[in-house]
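Summary of the model geometry
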Amino acid sequence: MMRILINDTPNHIDKEVLVQGVVAARRDHGKLIFLDIRDRSGILQVVVNPKLSEEAYKVALELRPEFAVALKGIVKKRPEKLINTKIASGTVEVGAHHLEIIAHAETLPFDMGGETLNLELPTLLDYRSLTLRHDSVKKIFLIQAAIAEEFRKAAKELDCTEIFVPTIAAGATEGGADVFKVDYYGHEAFMIQSPQLYKQIMVGALERVFVITKAYRAEPSVTTRHLSEVTMIDIEMAFINSFEELLDAFEFVGTAMIKNVSKNHADILESLNIEQPLIANKVPRLTLREAQQIITKRTGRDLSKELDLNPEDEREICLWAREEHKSDFVTITHYPTKKRAFYTYPDPKDPEYSLSYDLLFKGTEILSGSRRINDYDQLLAAMKERGINKENFGMYLQAFKYGMPPEGGFSFGLERITMKLLELANIREASLFPRDMERVDERFSITEKKDQQVHKEKS
Ligand code: AMO
(Lines give C-alpha, C1' and ligand atoms only; values in the text may rest on other atoms or scores of the structure.)
Protein backbone atom coordinates (compact mmCIF):
# COMPACT_ATOMS: atom_id res chain seq x y z
CA MET A 1 0.00 0.00 0.00
CA MET A 2 1.32 3.48 -0.91
CA ARG A 3 1.81 6.08 1.82
CA ILE A 4 -0.31 9.20 1.44
CA LEU A 5 0.44 12.57 3.01
CA ILE A 6 -1.69 13.73 5.90
CA ASN A 7 -3.13 16.77 4.17
CA ASP A 8 -4.34 14.49 1.39
CA THR A 9 -6.51 12.41 3.75
CA PRO A 10 -9.71 14.50 3.19
CA ASN A 11 -9.59 13.26 -0.42
CA HIS A 12 -9.87 9.62 0.75
CA ILE A 13 -13.08 9.59 2.81
CA ASP A 14 -14.26 6.07 3.71
CA LYS A 15 -11.12 4.60 2.13
CA GLU A 16 -8.25 2.78 3.76
CA VAL A 17 -4.98 4.75 3.84
CA LEU A 18 -1.38 4.27 4.98
CA VAL A 19 0.07 7.23 6.87
CA GLN A 20 3.59 7.63 8.23
CA GLY A 21 4.52 10.34 10.65
CA VAL A 22 5.60 11.34 14.11
CA VAL A 23 3.53 11.44 17.27
CA ALA A 24 2.99 15.11 18.15
CA ALA A 25 0.65 14.31 21.05
CA ARG A 26 -1.17 11.40 22.66
CA ARG A 27 -4.38 11.83 24.64
CA ASP A 28 -5.89 8.94 26.57
CA HIS A 29 -9.67 9.22 26.83
CA GLY A 30 -10.65 6.19 28.83
CA LYS A 31 -11.14 3.45 26.32
CA LEU A 32 -10.03 5.54 23.33
CA ILE A 33 -6.58 6.92 22.55
CA PHE A 34 -6.29 10.01 20.35
CA LEU A 35 -3.04 10.68 18.52
CA ASP A 36 -1.90 13.81 16.71
CA ILE A 37 0.34 12.55 13.93
CA ARG A 38 2.61 14.96 12.07
CA ASP A 39 4.21 14.58 8.66
CA ARG A 40 5.74 17.13 6.31
CA SER A 41 2.34 18.19 5.06
CA GLY A 42 0.45 18.69 8.32
CA ILE A 43 -1.22 17.19 11.38
CA LEU A 44 -3.84 14.43 11.54
CA GLN A 45 -6.07 13.19 14.32
CA VAL A 46 -6.01 9.42 14.69
CA VAL A 47 -8.36 7.46 16.93
CA VAL A 48 -7.26 4.12 18.32
CA ASN A 49 -10.18 2.05 19.55
CA PRO A 50 -9.49 -1.39 21.07
CA LYS A 51 -12.80 -2.56 19.66
CA LEU A 52 -11.37 -1.98 16.20
CA SER A 53 -7.94 -3.46 16.91
CA GLU A 54 -6.69 -4.72 20.26
CA GLU A 55 -3.16 -4.88 18.82
CA ALA A 56 -3.13 -1.28 17.59
CA TYR A 57 -4.43 -0.20 21.00
CA LYS A 58 -1.55 -1.98 22.76
CA VAL A 59 0.96 -0.23 20.53
CA ALA A 60 -0.76 3.14 21.13
CA LEU A 61 -0.33 2.69 24.89
CA GLU A 62 3.45 2.56 24.37
CA LEU A 63 3.63 5.69 22.22
CA ARG A 64 5.27 8.90 23.39
CA PRO A 65 5.83 12.21 21.57
CA GLU A 66 8.32 12.00 18.68
CA PHE A 67 7.94 8.25 18.14
CA ALA A 68 7.74 7.64 14.38
CA VAL A 69 4.83 5.40 13.37
CA ALA A 70 3.18 3.82 10.36
CA LEU A 71 -0.55 3.30 10.55
CA LYS A 72 -3.37 2.01 8.43
CA GLY A 73 -6.99 2.98 8.92
CA ILE A 74 -10.18 4.29 7.35
CA VAL A 75 -10.60 8.02 6.81
CA LYS A 76 -13.85 9.20 8.44
CA LYS A 77 -15.62 12.54 8.09
CA ARG A 78 -15.84 14.31 11.44
CA PRO A 79 -19.25 15.46 12.69
CA GLU A 80 -19.75 19.20 12.00
CA LYS A 81 -19.18 20.29 15.60
CA LEU A 82 -15.87 18.40 15.87
CA ILE A 83 -14.27 19.97 12.78
CA ASN A 84 -10.91 21.57 13.60
CA THR A 85 -10.49 24.61 11.34
CA LYS A 86 -6.90 25.15 12.51
CA ILE A 87 -5.52 22.17 10.60
CA ALA A 88 -5.89 21.31 6.92
CA SER A 89 -7.05 17.75 7.68
CA GLY A 90 -9.49 19.04 10.31
CA THR A 91 -12.60 17.76 8.53
CA VAL A 92 -11.53 14.13 8.97
CA GLU A 93 -9.93 11.67 11.35
CA VAL A 94 -8.52 8.21 10.83
CA GLY A 95 -9.57 5.18 12.85
CA ALA A 96 -6.43 3.05 13.09
CA HIS A 97 -6.70 -0.70 12.67
CA HIS A 98 -2.97 -1.20 12.26
CA LEU A 99 -0.27 0.68 14.14
CA GLU A 100 3.45 0.07 14.10
CA ILE A 101 6.39 1.88 15.75
CA ILE A 102 9.17 2.62 13.25
CA ALA A 103 11.44 4.72 15.52
CA HIS A 104 11.59 5.31 19.26
CA ALA A 105 12.30 8.58 21.09
CA GLU A 106 13.35 9.32 24.64
CA THR A 107 11.04 11.24 26.93
CA LEU A 108 11.02 14.90 25.86
CA PRO A 109 12.48 17.56 28.18
CA PHE A 110 9.35 19.73 27.75
CA ASP A 111 5.87 19.61 26.28
CA MET A 112 5.86 19.95 22.48
CA GLY A 113 2.14 19.25 22.10
CA GLY A 114 0.77 22.80 22.37
CA GLU A 115 0.17 25.27 19.56
CA THR A 116 3.08 27.39 20.79
CA LEU A 117 6.29 26.34 22.49
CA ASN A 118 6.50 28.91 25.31
CA LEU A 119 10.20 28.35 25.96
CA GLU A 120 12.84 30.90 26.91
CA LEU A 121 15.24 31.63 24.03
CA PRO A 122 18.25 29.76 25.53
CA THR A 123 16.16 26.59 25.92
CA LEU A 124 14.67 27.02 22.46
CA LEU A 125 18.24 27.03 21.09
CA ASP A 126 19.81 24.49 23.48
CA TYR A 127 17.30 21.91 22.22
CA ARG A 128 17.35 23.18 18.63
CA SER A 129 17.26 19.77 16.92
CA LEU A 130 14.02 19.12 18.74
CA THR A 131 12.38 22.57 18.81
CA LEU A 132 12.88 22.94 15.05
CA ARG A 133 10.28 20.18 14.68
CA HIS A 134 7.53 22.23 16.33
CA ASP A 135 4.96 23.62 13.95
CA SER A 136 5.41 27.21 15.15
CA VAL A 137 9.19 27.00 14.53
CA LYS A 138 8.92 25.11 11.24
CA LYS A 139 6.72 27.90 9.89
CA ILE A 140 9.59 30.38 10.31
CA PHE A 141 11.80 28.31 8.03
CA LEU A 142 9.06 27.64 5.50
CA ILE A 143 8.75 31.42 5.22
CA GLN A 144 12.54 31.78 5.02
CA ALA A 145 12.71 29.26 2.18
CA ALA A 146 9.94 31.19 0.41
CA ILE A 147 11.85 34.48 0.81
CA ALA A 148 14.95 32.92 -0.75
CA GLU A 149 12.85 31.51 -3.59
CA GLU A 150 11.21 34.88 -4.29
CA PHE A 151 14.63 36.53 -4.18
CA ARG A 152 15.90 34.13 -6.83
CA LYS A 153 12.85 34.85 -8.99
CA ALA A 154 13.23 38.63 -8.67
CA ALA A 155 16.98 38.44 -9.35
CA LYS A 156 16.33 36.41 -12.48
CA GLU A 157 13.75 38.98 -13.58
CA LEU A 158 16.61 41.47 -13.41
CA ASP A 159 18.56 39.09 -15.66
CA CYS A 160 21.14 38.22 -12.98
CA THR A 161 23.08 34.94 -13.05
CA GLU A 162 23.52 32.97 -9.83
CA ILE A 163 27.12 32.60 -8.65
CA PHE A 164 28.76 30.65 -5.84
CA VAL A 165 31.63 32.37 -4.09
CA PRO A 166 34.38 31.36 -1.65
CA THR A 167 33.83 31.95 2.05
CA ILE A 168 37.56 32.06 2.80
CA ALA A 169 39.29 35.19 1.53
CA ALA A 170 42.75 36.71 1.54
CA GLY A 171 41.54 40.06 2.91
CA ALA A 172 38.80 41.38 5.18
CA THR A 173 35.92 42.14 2.82
CA GLU A 174 34.30 44.98 4.72
CA GLY A 175 37.25 46.20 6.79
CA GLY A 176 36.87 46.83 10.51
CA ALA A 177 37.68 44.50 13.36
CA ASP A 178 34.72 42.15 13.21
CA VAL A 179 36.45 39.53 11.08
CA PHE A 180 37.25 35.90 11.90
CA LYS A 181 40.84 34.98 11.12
CA VAL A 182 41.57 31.51 9.79
CA ASP A 183 44.80 29.61 10.15
CA TYR A 184 44.97 28.50 6.52
CA TYR A 185 47.79 25.93 6.28
CA GLY A 186 49.93 28.34 8.31
CA HIS A 187 48.91 31.37 6.22
CA GLU A 188 46.59 34.07 7.45
CA ALA A 189 43.18 34.14 5.77
CA PHE A 190 39.74 35.48 6.70
CA MET A 191 36.16 34.25 6.71
CA ILE A 192 34.28 36.52 4.31
CA GLN A 193 32.32 39.32 5.98
CA SER A 194 30.25 39.49 2.79
CA PRO A 195 30.45 38.15 -0.78
CA GLN A 196 31.27 41.72 -1.82
CA LEU A 197 34.67 41.30 -3.45
CA TYR A 198 33.69 38.25 -5.47
CA LYS A 199 30.36 39.59 -6.69
CA GLN A 200 32.14 42.73 -7.84
CA ILE A 201 34.79 40.73 -9.68
CA MET A 202 32.03 38.68 -11.29
CA VAL A 203 30.17 41.59 -12.85
CA GLY A 204 33.29 41.99 -14.99
CA ALA A 205 32.47 38.56 -16.41
CA LEU A 206 28.68 38.18 -16.23
CA GLU A 207 27.51 41.80 -15.90
CA ARG A 208 24.64 41.01 -13.53
CA VAL A 209 24.97 38.45 -10.75
CA PHE A 210 23.26 37.27 -7.60
CA VAL A 211 24.53 35.18 -4.74
CA ILE A 212 23.12 33.56 -1.62
CA THR A 213 25.91 32.75 0.81
CA LYS A 214 26.98 32.56 4.40
CA ALA A 215 29.08 35.47 5.65
CA TYR A 216 30.75 35.92 9.00
CA ARG A 217 30.89 38.81 11.42
CA ALA A 218 32.90 38.56 14.61
CA GLU A 219 30.34 40.80 16.31
CA PRO A 220 31.75 41.89 19.66
CA SER A 221 28.25 42.42 21.02
CA VAL A 222 25.06 40.59 21.84
CA THR A 223 22.02 42.26 20.30
CA THR A 224 18.62 41.11 19.11
CA ARG A 225 19.50 41.74 15.45
CA HIS A 226 23.11 40.58 14.98
CA LEU A 227 24.42 37.11 14.25
CA SER A 228 28.01 35.97 13.82
CA GLU A 229 27.04 33.88 10.80
CA VAL A 230 24.65 35.59 8.41
CA THR A 231 22.93 34.45 5.22
CA MET A 232 23.50 37.25 2.75
CA ILE A 233 21.46 37.55 -0.40
CA ASP A 234 23.18 39.88 -2.79
CA ILE A 235 22.94 41.38 -6.24
CA GLU A 236 25.58 43.25 -8.22
CA MET A 237 24.97 44.96 -11.57
CA ALA A 238 27.34 46.58 -14.06
CA PHE A 239 26.68 49.15 -16.79
CA ILE A 240 24.43 51.13 -14.51
CA ASN A 241 23.42 54.49 -15.93
CA SER A 242 22.32 56.18 -12.74
CA PHE A 243 22.21 55.90 -8.97
CA GLU A 244 18.39 55.72 -9.20
CA GLU A 245 18.65 52.56 -11.30
CA LEU A 246 20.17 50.84 -8.26
CA LEU A 247 17.47 52.19 -5.95
CA ASP A 248 14.79 50.97 -8.36
CA ALA A 249 16.42 47.53 -8.47
CA PHE A 250 16.58 46.85 -4.73
CA GLU A 251 13.17 48.35 -4.06
CA PHE A 252 11.78 46.06 -6.76
CA VAL A 253 13.46 42.99 -5.26
CA GLY A 254 12.61 43.89 -1.65
CA THR A 255 8.94 44.63 -2.24
CA ALA A 256 8.48 41.68 -4.63
CA MET A 257 9.89 39.24 -2.04
CA ILE A 258 7.73 40.54 0.78
CA LYS A 259 4.60 40.95 -1.35
CA ASN A 260 4.76 37.47 -2.86
CA VAL A 261 5.70 35.65 0.34
CA SER A 262 2.96 37.42 2.31
CA LYS A 263 0.40 36.65 -0.37
CA ASN A 264 1.41 33.04 -1.04
CA HIS A 265 1.70 32.24 2.66
CA ALA A 266 -1.11 34.40 4.01
CA ASP A 267 -2.30 31.37 6.02
CA ILE A 268 1.02 31.18 7.92
CA LEU A 269 1.05 34.93 8.60
CA GLU A 270 -2.53 34.76 9.80
CA SER A 271 -1.82 31.78 12.06
CA LEU A 272 1.01 33.80 13.65
CA ASN A 273 -1.25 36.88 13.99
CA ILE A 274 0.93 38.90 11.60
CA GLU A 275 -0.80 41.64 9.64
CA GLN A 276 -0.13 41.86 5.91
CA PRO A 277 2.77 44.31 5.43
CA LEU A 278 2.05 47.73 3.94
CA ILE A 279 3.58 48.04 0.49
CA ALA A 280 3.07 51.39 -1.22
CA ASN A 281 3.33 51.85 -5.00
CA LYS A 282 6.47 53.85 -4.41
CA VAL A 283 8.89 53.24 -1.53
CA PRO A 284 9.57 56.62 0.15
CA ARG A 285 13.18 57.79 -0.34
CA LEU A 286 15.08 60.12 1.98
CA THR A 287 18.69 61.13 2.32
CA LEU A 288 20.18 60.41 5.73
CA ARG A 289 20.08 64.14 6.53
CA GLU A 290 16.41 64.42 5.55
CA ALA A 291 15.58 61.37 7.67
CA GLN A 292 17.42 62.86 10.63
CA GLN A 293 15.53 66.14 10.28
CA ILE A 294 12.20 64.31 10.26
CA ILE A 295 13.19 62.34 13.35
CA THR A 296 14.27 65.56 15.10
CA LYS A 297 10.91 67.14 14.26
CA ARG A 298 9.02 64.15 15.62
CA THR A 299 11.07 63.50 18.74
CA GLY A 300 13.04 66.65 19.49
CA ARG A 301 16.30 64.66 19.47
CA ASP A 302 19.21 66.54 17.87
CA LEU A 303 20.87 64.23 15.32
CA SER A 304 22.87 66.86 13.43
CA LYS A 305 26.20 65.37 14.53
CA GLU A 306 25.22 61.73 14.05
CA LEU A 307 26.76 59.87 11.10
CA ASP A 308 24.24 57.04 11.04
CA LEU A 309 20.79 56.04 12.28
CA ASN A 310 20.72 54.10 15.53
CA PRO A 311 18.08 51.40 16.11
CA GLU A 312 15.72 53.89 17.76
CA ASP A 313 16.04 56.26 14.78
CA GLU A 314 15.32 53.40 12.39
CA ARG A 315 12.14 52.56 14.26
CA GLU A 316 11.06 56.22 14.26
CA ILE A 317 11.60 56.80 10.54
CA CYS A 318 9.73 53.58 9.77
CA LEU A 319 6.80 54.83 11.84
CA TRP A 320 6.91 58.02 9.78
CA ALA A 321 6.86 56.00 6.52
CA ARG A 322 3.90 53.98 7.75
CA GLU A 323 1.95 57.02 8.86
CA GLU A 324 2.79 59.33 5.95
CA HIS A 325 3.20 56.90 3.05
CA LYS A 326 1.39 53.74 4.14
CA SER A 327 4.68 51.92 3.58
CA ASP A 328 6.55 49.43 5.77
CA PHE A 329 9.62 50.13 3.61
CA VAL A 330 11.73 53.28 3.52
CA THR A 331 14.94 53.89 1.58
CA ILE A 332 17.69 56.01 3.14
CA THR A 333 20.51 57.28 0.89
CA HIS A 334 23.72 59.31 1.07
CA TYR A 335 25.47 58.07 4.19
CA PRO A 336 28.74 59.80 5.09
CA THR A 337 31.56 58.39 2.92
CA LYS A 338 33.79 57.72 5.90
CA LYS A 339 31.09 55.56 7.53
CA ARG A 340 30.89 53.22 4.55
CA ALA A 341 33.29 50.58 3.20
CA PHE A 342 36.27 51.58 1.04
CA TYR A 343 34.62 50.53 -2.24
CA THR A 344 31.73 53.01 -1.85
CA TYR A 345 31.43 55.73 -4.49
CA PRO A 346 31.57 59.27 -3.03
CA ASP A 347 28.82 61.57 -4.31
CA PRO A 348 30.55 63.73 -6.97
CA LYS A 349 28.32 66.65 -5.88
CA ASP A 350 29.38 66.36 -2.24
CA PRO A 351 32.13 63.76 -1.63
CA GLU A 352 31.63 63.84 2.14
CA TYR A 353 28.52 61.83 1.43
CA SER A 354 28.35 58.71 -0.69
CA LEU A 355 26.13 57.08 -3.27
CA SER A 356 25.06 54.54 -0.69
CA TYR A 357 21.77 53.34 0.73
CA ASP A 358 19.98 51.22 3.27
CA LEU A 359 16.50 49.78 2.97
CA LEU A 360 14.55 49.71 6.21
CA PHE A 361 11.57 47.43 6.75
CA LYS A 362 9.25 47.52 9.76
CA GLY A 363 11.73 49.38 11.92
CA THR A 364 15.08 47.80 11.02
CA GLU A 365 17.71 47.90 8.26
CA ILE A 366 17.37 44.81 6.09
CA LEU A 367 19.63 45.88 3.19
CA SER A 368 22.74 47.90 2.46
CA GLY A 369 24.54 48.78 -0.73
CA SER A 370 26.06 51.42 -2.93
CA ARG A 371 27.40 52.41 -6.24
CA ARG A 372 31.05 51.26 -6.27
CA ILE A 373 34.28 52.93 -7.16
CA ASN A 374 35.08 51.29 -10.49
CA ASP A 375 38.20 53.26 -11.43
CA TYR A 376 41.38 51.38 -10.50
CA ASP A 377 43.40 54.40 -9.38
CA GLN A 378 40.53 55.86 -7.39
CA LEU A 379 40.07 52.50 -5.68
CA LEU A 380 43.77 52.30 -4.78
CA ALA A 381 43.60 55.84 -3.37
CA ALA A 382 40.50 55.02 -1.28
CA MET A 383 42.25 51.95 0.15
CA LYS A 384 45.38 53.90 0.92
CA GLU A 385 43.43 56.63 2.67
CA ARG A 386 41.90 54.01 4.99
CA GLY A 387 45.19 52.23 5.63
CA ILE A 388 44.04 49.04 3.86
CA ASN A 389 46.88 46.79 2.72
CA LYS A 390 46.37 46.28 -1.01
CA GLU A 391 48.53 43.14 -0.91
CA ASN A 392 45.56 41.29 0.60
CA PHE A 393 43.27 42.32 -2.25
CA GLY A 394 45.34 41.17 -5.23
CA MET A 395 42.62 39.19 -6.98
CA TYR A 396 40.03 41.91 -6.41
CA LEU A 397 42.26 44.70 -7.66
CA GLN A 398 43.21 42.69 -10.72
CA ALA A 399 39.57 42.93 -11.86
CA PHE A 400 39.69 46.73 -11.72
CA LYS A 401 43.17 46.99 -13.21
CA TYR A 402 41.85 45.35 -16.34
CA GLY A 403 38.79 47.59 -16.56
CA MET A 404 35.41 47.61 -14.89
CA PRO A 405 32.24 49.37 -16.08
CA PRO A 406 30.22 51.55 -13.67
CA GLU A 407 28.57 49.22 -11.22
CA GLY A 408 26.79 48.84 -7.93
CA GLY A 409 24.80 46.43 -5.84
CA PHE A 410 23.19 45.53 -2.58
CA SER A 411 22.82 42.88 0.08
CA PHE A 412 19.84 41.73 2.14
CA GLY A 413 20.26 39.79 5.37
CA LEU A 414 17.99 36.76 5.03
CA GLU A 415 17.55 36.36 8.79
CA ARG A 416 16.78 40.07 9.19
CA ILE A 417 14.01 39.91 6.57
CA THR A 418 12.56 36.78 8.17
CA MET A 419 12.71 38.31 11.63
CA LYS A 420 11.00 41.52 10.56
CA LEU A 421 8.33 39.91 8.39
CA LEU A 422 7.36 37.50 11.17
CA GLU A 423 7.85 40.09 13.93
CA LEU A 424 10.22 37.83 15.86
CA ALA A 425 11.71 39.40 18.97
CA ASN A 426 15.20 38.04 18.34
CA ILE A 427 17.09 37.32 15.09
CA ARG A 428 18.32 34.02 16.56
CA GLU A 429 14.81 32.64 16.07
CA ALA A 430 15.24 33.26 12.33
CA SER A 431 18.42 31.18 12.07
CA LEU A 432 18.33 27.39 12.10
CA PHE A 433 21.51 27.13 14.15
CA PRO A 434 22.43 30.67 15.19
CA ARG A 435 26.04 31.52 15.91
CA ASP A 436 26.87 34.29 18.33
CA MET A 437 29.55 35.18 20.89
CA GLU A 438 28.10 32.69 23.30
CA ARG A 439 27.17 29.78 21.05
CA VAL A 440 28.32 27.43 18.32
CA ASP A 441 25.48 24.88 18.32
CA GLU A 442 25.69 24.55 22.08
CA ARG A 443 26.28 27.36 24.54
CA PHE A 444 29.88 27.70 25.68
CA SER A 445 30.28 27.07 29.36
CA ILE A 446 31.39 30.05 31.43
CA THR A 447 34.85 28.57 32.09
CA GLU A 448 35.45 28.07 28.37
CA LYS A 449 34.59 31.69 27.60
CA LYS A 450 37.49 33.70 26.28
CA ASP A 451 38.65 36.77 28.16
CA GLN A 452 36.47 39.04 26.08
CA GLN A 453 33.87 41.54 27.11
CA VAL A 454 30.33 40.92 25.94
CA HIS A 455 28.45 44.11 25.24
CA LYS A 456 24.75 43.63 25.68
CA GLU A 457 22.50 46.10 23.95
CA LYS A 458 19.17 47.40 25.16
CA SER A 459 17.33 47.07 21.85
P1 AMO B 1 26.19 45.25 5.45
O2 AMO B 1 27.34 45.06 6.33
O3 AMO B 1 25.29 46.38 5.79
O4 AMO B 1 26.65 45.49 3.94
O5 AMO B 1 25.34 43.92 5.39
C6 AMO B 1 24.27 43.77 4.49
C7 AMO B 1 23.03 43.26 5.19
O8 AMO B 1 23.32 42.02 5.83
C9 AMO B 1 22.65 41.93 7.07
N10 AMO B 1 23.65 41.83 8.15
C11 AMO B 1 23.47 41.15 9.29
N12 AMO B 1 22.44 40.43 9.75
C13 AMO B 1 22.57 39.83 10.95
N14 AMO B 1 23.69 39.90 11.71
C15 AMO B 1 24.76 40.61 11.31
N16 AMO B 1 25.86 40.63 12.04
C17 AMO B 1 24.68 41.28 10.03
N18 AMO B 1 25.53 42.03 9.32
C19 AMO B 1 24.89 42.35 8.19
C20 AMO B 1 21.81 43.19 7.21
C21 AMO B 1 22.53 44.16 6.31
O22 AMO B 1 21.66 45.15 5.81
N23 AMO B 1 28.87 44.34 1.30
C24 AMO B 1 27.83 45.17 1.87
C25 AMO B 1 26.58 45.18 1.02
C26 AMO B 1 26.73 45.79 -0.34
O27 AMO B 1 27.25 46.90 -0.39
O28 AMO B 1 26.34 45.16 -1.35
C29 AMO B 1 27.53 44.67 3.28
O30 AMO B 1 27.95 43.64 3.71
O31 AMO B 1 20.52 42.92 6.70
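Look up: the structure comes first, before these words.
Model, not experiment: these values are computed from the prediction. Along each chain, residue indices are assigned from 1 in the same order as the chain's sequence is written. At least 70 in pLDDT is required for a residue's local features to be given in this predicted model, at least 80 for side-chain atom pairs to be given and counted, and no such filter applies to totals for whole chains, interfaces and linings, which use all residues. Excluding hydrogens and water, the side-chain figures rest on all heavy atoms present in the structure.

1. Structural notes on the overall build of the protein chain
Condition: Segments assigned H or I by DSSP are reported as helices when at least four residues long, segments assigned E as strands when at least two residues long, and all are numbered from the N terminus. Between buried and exposed lies partly exposed: a residue is buried under 20% and exposed over 50% of the maximum accessible area for its type, with that area taken using a 1.4 Å probe on protein chains only. Contacts: residue pairs with any heavy atoms within 4.5 Å of one another. Per-residue and other accessible areas follow the Shrake-Rupley method at a 1.4 Å probe size, with only the shown protein chains counted as cover for residues. Within this scheme the basic residues Lys and Arg register as positive and the acidic residues Asp and Glu register as negative, but His and the chain ends are omitted. Where a charge sits is defined by one atom per residue type, namely NZ (Lys), CZ (Arg), CG (Asp) or CD (Glu).
What the protein chain contains, in helices and strands, is 12 helices and 22 strands. Based on the C-alpha atoms only, the size of the protein chain along its principal axes is roughly 85 × 55 × 45 Å. Buried residues in the protein chain amount to 52% of all 459 residues. Pairs at least 24 residues apart make up 65% of the contacts formed inside the protein chain by residues separated by at least 6 positions. Here the protein chain displays about 23100 Å² of accessible surface, and carbon together with sulfur accounts for 50% of that area. A gap of 3 Å separates the mean positions of the 62 positive and 71 negative side-chain charges of the protein chain.

2. Considering the sheet that holds strand 8 (residues 181–184)
Picture the strands of a sheet paired through backbone hydrogen bonds; they go either parallel or antiparallel. Selection criterion: Strand pairing is assigned whenever DSSP detects at least two bridges linking the two strands.
As summarised here, the arrangement of the three strands in space is 7-9-8, forming an open sheet in which the pairing is antiparallel. Of all strands in the sheet, those bounded by a partner on one side alone are strand 7 (168–169) and strand 8. Pairing of strand 7 with strand 9 (residues 187–191), which is carried by two bridges, proceeds in the antiparallel orientation. The partner of Ala169 across the bridge, within strand 9, is Phe190.

3. Remarks on the packing of helix 5 (residues 196–206) against helix 11 (residues 394–401)
Note the cut-off: The convention used is that axes are lines fitted to C-alpha atoms, helices contributing only their stretch in contact, and that angles between N-to-C directions extend from 0 to 180 degrees. Angular relationships are summarised with four words: roughly parallel below 35 degrees, roughly antiparallel beyond 145, roughly perpendicular across 65 to 115, and oblique for the angles in between. In this scheme the crossing of two helices becomes right-handed for a clockwise turn of the near helix relative to the far one and left-handed for an anticlockwise turn of less than a right angle. We call Asp, Glu, Lys and Arg charged. Ala, Val, Leu, Ile, Met, Phe, Trp, Tyr, Cys and Pro are nonpolar, and the rest, Gly among them, are polar.
For the pair helix 5 and helix 11, interaxial distance at closest approach is 9 Å and the crossing angle is 25°. In this view, helix 5 runs roughly parallel relative to helix 11, as classed from their interaxial angle. For the pair helix 5 and helix 11, the crossing hand works out as left-handed. The segment helix 5 lies against helix 11, with Leu197, Gln200 and Ile201 engaging Met395, Tyr396, Ala399 and Phe400. In terms of residue class, the contact of helix 5 with helix 11 is made up of six nonpolar, one polar and no charged.

4. Digging into the site of the ligand
Note the following rule: Proximity criterion: a residue is near a molecule or strand once any of its heavy atoms comes within 4 Å of it. We call two N or O atoms a polar contact when they sit within 3.5 Å, provided that within protein one can donate a hydrogen and the other can accept it, with sequence-adjacent residues counted only if both atoms are side-chain atoms.
Taken together, the neighbourhood of the ligand is formed by 24 residues, with Glu174, Gln196, Lys199, Glu365 and Arg372 sitting nearest. Within the side chain of Lys199, a nitrogen or oxygen atom sits 2.7 Å from an oxygen atom of the ligand. One nitrogen or oxygen atom from the side chain of Ser368 is found 3.0 Å from an oxygen atom belonging to the ligand. Expressed as a share of its isolated accessible area of 620 Å², the protein-covered part of the ligand is 93%. In terms of residue count, strand 18 (residues 364–371) provides more of the shell around the ligand than any other element does, five residues in total. When grouped by side-chain class, the residues that make up the shell around the ligand number eight nonpolar, eight polar and eight charged.

5. Digging into a nonpolar patch on the surface
So the rule is basically this: Candidate patch residues must exceed 30% relative accessible area and have no salt bridge, after which like charges are joined if within 9 Å and Val, Leu, Ile, Met, Phe, Trp or Tyr side chains if within 5 Å. Here, a salt bridge means any Lys or Arg side-chain nitrogen found within 4 Å of an Asp or Glu carboxyl oxygen.
A grouping of Ile168, Tyr184 and Tyr185 is seen on the molecular surface, where their side chains present a nonpolar patch of about 360 Å² in accessible area. Relative to the helices and strands, Tyr184 is located in strand 8.

6. A few points about the pattern of salt bridges
Under the criterion given, the structure shown has 29 salt bridges. Salt-bridge contacts for Arg340 lead to Asp358; the nearest nitrogen and oxygen are separated by 3.1 Å. A residue pair is termed long-range when its members are at least 10 positions apart, and Arg340 in the loop between strand 14 (329–333) and strand 15 (346–347) and Asp358 in strand 17 (residues 356–361) qualify at 18 residues. Look at Arg340 and you get buried, because its relative accessible area is 13%. For Asp358, a relative accessible area of 3% translates into the label buried.

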